[in-house]
Structures are given as C-alpha cells and as structure tokens.
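# Geometric and topological summary
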Amino acid sequence: MNEVKPKRILSLFILSAPFLVGWAALFVGAYGIAPLDILRFFYEALFDPSAPDVPEKAILLDIRLPRVVLAGLVGVALGGSGATLQGIFRNPLVDPFILGVSAGAAFGCALSVGFVPALPVQFPAFAFGVLSVVLTFTVARTQRDISRLPLILSGVIISAFFTALVSIVKFLVDPHKLQSIVFWLMGSFALADWRLAGVAVLGIVAGLIPVFIMRWRLNVMSMGDEEAKTLGIHVKRERVVFVAASTLMVSVAVSVSGIIGWVGLMVPHLIRMMTGPDHRSLVPLSMAGGAAFMIFADTAARSISNFDIPVGIITAVIGAPFFIYLMRRGGSESWGR
Amino acid sequence: MLTIDNIYFTHHRGSNSSNDRGDILKGVSFEAPDGQMTTILGPNGSGKTTLFKCISGLWRPRQGKIRFGDRDLAGLSHSERAKLIAVVPQEHDPPFPYTVFDIVLMGRASHIPLFSTPSARDAAATEAALDRIGVAALRGRPYTKISGGERQLVMIARAIAQEAPLLLLDEPTSHLDFRNQILVLEKVRGIVRQRGLTVLMTLHDPNMAMQFSDHVVMIENGSVLAQGPPAEVLTAGNLKRVYNLDISVIRHNGTHIIHPEVKP
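Here we summarise the structure given alongside this text. (Residues numbered from 1 in each chain as written. Chains lettered and ligands numbered in written order. Predicted model: local features only at pLDDT ≥ 70, side-chain atom pairs only at ≥ 80, totals over all residues. Heavy atoms only, no water.)

## Observations regarding the overall build of chain A
Scanning chain A from N- to C-terminus turns up 15 helices and zero strands. Taken along the three principal axes of its C-alpha coordinates, chain A extends 65 × 60 × 35 Å. The proportion of buried residues among the 337 residues of chain A is 55%. Accessible area for chain A stands at about 14800 Å²; split by element, carbon and sulfur atoms hold 72% of it. Side-chain charges of chain A comprise 26 positive and 19 negative groups, with the mean position of each set lying 10 Å from the other. (Helix = DSSP H or I, 4+ residues; strand = E, 2+ residues; numbered from the N terminus. Buried < 20%, exposed > 50% of the residue type's maximum accessible area, 1.4 Å probe, protein only. Areas by Shrake-Rupley, 256 points an atom, 1.4 Å probe, with all protein chains shown as cover. Lys, Arg positive; Asp, Glu negative; His and termini not counted. Charge placed at Lys NZ, Arg CZ, Asp CG, Glu CD.)

The structure is reproduced here in structure tokens:
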C-alpha cells in the first residue's frame, strides 16, 4: 500500500497541469500582460461589466483565453480518445490519427467547407470519422481476432485513402477556399474564438461523458473479446459506444483545429508510465495531460517565431521520434503477438 | 449440476472439408455433479476446446442443450452467464501491465452496473479472493512480471472473485512446472470442497486426472468414450484406445498409477 500515496500526488499534479500551463500561456505573446492584471481582467469580466475596456483586456479575453480553452478542449479529446482506442483495440500503438479517424473527419470537413458551406462541418466530420474507423476495423479484422500490426497497417491505408480524397477536394475547390483548407489541415488554433470554443465544448463533452462513466470496463475489454465476454461484458455493444464516443470527440476536434497527430498516442503512454495502466485513472489523466500538452504545444507554436506555426507541425516533430522510441524500446511490450 | 445434453457443433464455414460433415462435437452428453471436480480428458483435436467454448457461451452448438441446475444456458446474456460460470483461461498475455489486484477486480465485471466503477464491496471481494488463493502478497505487482504458476493462481483468484457456482478451467496446468501443477490443483480442490463449487476442467496428464478428479469424462474424436469415477474410466484399455500407446495401470497405496510403456 506504500505505492498509493505518490500516485495520488502525481495524479493531482497531472489534473492541475492544464490550469497551470493554461495560466502561464495567457502571459505569453507579443503583447505583455502582467499576471496580476490577468486576475483583474477576469474579475472585471465576471463581476464588473462597467469597467473600462483596454486593449490588453480584449487581447486576453477575446484572443488568448478562447485559444487556450480551445487548445485544452482539443487536447482533452485527443488524449481521452487515444487512451480509449488503445484500450478497445488492446493496442498501445494506435491513436485516432493512426486509425484514420482524423483523415476521415478532415475529408468530411473539407467536403463541407468546399461544397456545402451551409452545413455545420461537424456533421460530415463525424460521419466520415465513423466511416473511416469502421473501414479500418473491417480491413484489419481476420476471422475472430484483430491483431496489432494489421490494425496499424489498415489504419495507414485508410488514412492515405482519405488524404487522397482531401487532395481531390483541394484540387476542385476555388482558390480562395483552398488557402483556408490548406492552413486548417495543418492543424492550428489561429482561428480560435468563443464560437469555436462553444462548438468544441458541446461536441467534446458529449463524447467524453460515456467514455468517462464506462472507463473501468476498458480494463476488462482490453483482455480480449472472448475473455471480456466470459467476464460478462457485452463486447460488441460496448465497443460501439466507446468507438462512437471517441470518434465524436476527435471529429469535433478536427473540425475546429484541423489534423493534429500524435497527441493521442503520446499522452496515454506517458500517463501509463507515470500512474499505471488502470483505465479508471488513465482516461481522466490522459484527458488532463492531453489538454496541458496541447496548450503547451500551441503556446510554443505561436511564440517560437514571428509566425503562427501550425501546431500540428510541432506535435509531429515531437511525436514521430517518440513513436520510434516506443517501437525500439517496446519490442514485445508494444507489439505483442 | 451441469448437464450437457447431446451437443453437436459444426464450424459455419464448412469450406475446408473435414471428416463426417465437419462435426467437431458429435452428440456429446455428460454431467458434472455439484460440488465435485469433473475432468475432461482426451487427446489433442478431440474437441475439448470446442466443448469448453460452447459451455462458456462463446460458440453456439448446432444442436443440443446445456443446462446448469434447471437453467438453460443458451438464452442467457454474457452478464447473466458470468454470474453462473467463471472461466479460467489457459494462456494469458494482457497488452498492459495491470496490477494483480486490478486483474482480479475484473472478475467483478458482471456485478458492476454498466455506468459505474467498482465499489468498496467489489474491492473487498477481490481482497478476499486474493487471500483465499494465497496470492495477496502479489497484490501490487504487475501481472506481466510474475511467474506462470503465480499467473494461474491469480486467474483462479479472479474466478473466485466472480462468485459463480461453476468453475471452468481450461488446462490449468499446461504451462506449469511439476510442483506448480500439484499446487494449483490442490488449491482448486480445497476451494471446491470448502465452497461446494462445481468444477469442470480439461487436463492432459491422466495421472493428474486420476489424482484430482471425482468424475472423469473421456472424449475421443468428438464423442464421449466413457465417463464415471476415475478408476473406472482411466483403464488401460480406454487409454490404449484413445492415445494409441501401450499403457499399464499400476496399483499403489490405494491409488492407480498410469504408466506408458516406452521402448528404451
């Protein structure tokens, strides 16, 4: 029992990380804002609407804060769905990006931006996100079991397929829209505002709730279909719930921020190393860790250079070497049979 | 009492043609009496695994009934069935290094509502099962880092935590050394006697079956060859027929030792 306490402290730290990182991210930017001023502006915004409007206040409340909130929400979606999908597919090397969900959702968005602007992008994003994960699953499934390497390979195939479809859309769409599609695809929070943050809250919380309340069952399901069934789990039905909820979170995240890869892979791994594989703690801590990492990466993206670098580039630059590290280190632990 | 009544099983895809219309089980009937250890014995490919999958509800027999007490197991949901039958799987390779406690806690799945996590009662049942099997000291260790014998005991503890009256053990000794084979089977027998559980297991070693079962069902090529008390079923004649070996049965201190005649 002597292991319990450090784990609890570590968990509390991880849970508070998004707030600490988010707080720090509010100071960072071309326009310096003092920490105490931030407190004052928050107070005024909440309780004193008659207070004078100053530029710093507008920058904080209308530019930086929604951006931090949006980055945090997308991190919650990516970290939480990564942990969920790794558990469901009993495969530590998958995430929504690798399984093709991100590419499918991106195609849905591009399609809607290019040709059906009247339709909210989240609907086609979710529809094609679901389609892509179903395709990946069907291609990888052989007979009764779904093994690890074929799942990743089929994710690569489905991802490539939808990426190609996105390219067709880019080719056909008018040049004015093309630019925004290209920029958005690289993954960025540069367009963040309160409307986008509101959309993200609705979609991501709707997906997060079922995953959160059923998260213990991921432990049982990760033991394999047959074993989970003999332990009393309705595997097919519960897998549908988990995959649909994860896909909803990811599709909404893609629709507000484009394709941001690797977060869903890295974060659950790091959390598992720190606090163990039990999904009761892994799922919420991956959500918190994802949020903290995403806010950090986005703050780096907008402050490394004078330009607003797409954050997807930052996560890929960190994520690809991490994946290689897992592959080399993991051996049987990552790949298994 | 577990009653297997005239079970037939065929794989759906009959494309890879096997003998006799592809029936793997051909009218298997036997009973596993309450509070006793029943062993299924038979060579590789005789249909033991198929029979187990049918009883545990993973595969559906083409024909026949499986009953436990007066309940037909066919119509049950996975969660209802898990409250009656605890399955101890044979081989184990979880993808994540769960602690022994978390593994045993999974046995509680059928008692935990869909939108909930394990309660204090589930944790207490888990602790009790760990204590009962004598693996409480392993509680915090990763399941991936313990020995094969310990893993088998942990799996049995999980089945105990499940609190089902019927225990299915699929070759519980297959990955264990000599000492651990005895240890595990003694443990199982102790619990069965104490709690009045019903056990159905498969074994490869007829000597183990002789020592540790109350009732033996011998299977050959998808049918039951003989069933009854071990000394009556595990005869030289039956074993010779099933394993195609020269076998003599030696009486020693009131037990029977099965001795294959191996040419030097």
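## Structural notes on the side chain of A:Glu227
Locating A:Glu227 in the fold gives a position in helix H10 (residues 225-230). Excluding residues within four positions of it along the chain, A:Glu227 makes contact with B:Pro89, B:His92, B:Met155 and B:Arg158. (Contact = heavy atoms within 4.5 Å.)

## Some thoughts on a nonpolar patch on the surface
All names here are of chain A. Taken together, the side chains of Phe115, Val116, Leu119, Phe123, Ile168, Phe171 and Leu172 define a hydrophobic patch exposed on the protein surface, amounting to about 770 Å² of accessible area. If one sorts the elements of the nonpolar patch by residue count, helix H6 (residues 148-172) sits on top with three residues. Relative to the helices and strands, Phe123 is located in helix H5 (residues 122-140). A relative accessible area of 57% places Phe123 in the exposed class. (Patch = residues over 30% accessible without salt bridge, like charges linked within 9 Å, V, L, I, M, F, W, Y side chains within 5 Å. Salt bridge = Lys/Arg side-chain N within 4 Å of Asp/Glu carboxyl O.)

## Looking at the interface of chain A and chain B
Each partner contributes residues to the interface: chain A has 36 residues there, and chain B has 40 residues. Summed over both partners, the interface of chain A with chain B buries about 3000 Å², with 61% contributed by carbon and sulfur atoms. Looking at the side of chain A facing chain B, the largest losses of area belong to A:Trp216, A:Thr230 and A:Leu231, adding up to 22% of the total buried there. On inspection of chain A and its partner chain B, the count reaches three salt bridges. Between A:Glu227 and B:Arg158 there is a salt bridge, with its nearest N and O atoms 2.6 Å apart. If you look at where chain A meets chain B, you find eight residue pairs in polar contact (both at pLDDT 80 or more). Of all the elements in the fold, those that place two or more residues in the side of chain A that touches chain B are helix H3 (55-88), helix H9 (216-221), H10 and helix H13 (279-303) of chain A. Each residue belonging to the side of chain A that touches chain B can be placed in one class, and the counts come to 11 nonpolar, 10 polar and 15 charged. (Buried area = accessible area lost by both parts, 1.4 Å probe. Polar contact = N/O pair within 3.5 Å; in protein donor to acceptor, adjacent residues only side chain to side chain. Nonpolar A, V, L, I, M, F, W, Y, C, P; charged D, E, K, R; others polar.)

## With respect to the nonpolar core
Ranked by size, the top nonpolar core spans 154 residues in total, and within it A:Met294 and B:Leu234 carry the most contacts. For this core, the leading source of residues is H3(A), giving 15 residues. Discounting residues that sit within four places of it in the chain, A:Met294 has contacts with A:Ala71, A:Val74, A:Gly75, A:Leu78, A:Phe189, A:Ile260, A:Val263, A:Val311 and A:Thr315. With 27 residues, the next largest nonpolar core counts B:Val28, B:Phe52, B:Trp59 and B:Leu200 among its residues. (Core = buried A, V, L, I, M, F, W, Y, C linked by side-chain atoms within 4.5 Å.)

## Topic: the packing of aromatic side chains
Applying the stated criterion across every chain, the model contains 12 aromatic pairs over all chains. On the numbers, 5.9 Å between centres and 45 degrees between planes, the contact of A:Phe107 with A:Phe162 is tilted. Here the residue A:Phe107 occupies a position in helix H4 (residues 101-115), and A:Phe162 occupies one in helix H6, the gap between them amounting to 55 residues. Accessibility assignment for this pair places A:Phe107 and A:Phe162 in one class, buried. Pairing B:Phe96 with B:Tyr98 gives two aromatic rings, centres 6.2 Å apart and planes at 80 degrees, and the pair type is edge-to-face. What makes B:Phe96 buried here is its relative accessible area of 2%. The exposure class of B:Tyr98 is buried, given its relative accessible area of 0%. The ring centre of A:Phe212 lies 4.1 Å from the NZ or CZ of A:Arg215, which sits over that ring. Of note, B:Arg151 hangs over the ring of B:Tyr143, and the distance from its end group to the ring centre comes to 5.1 Å. (Phe/Tyr/Trp six-rings, centres within 6.5 Å; stacked < 30°, edge-to-face > 60°. Lys NZ or Arg CZ within 6 Å of the ring centre and 35° of its normal.)

Geometric descriptors of this kind do not, in isolation, establish any biological role.
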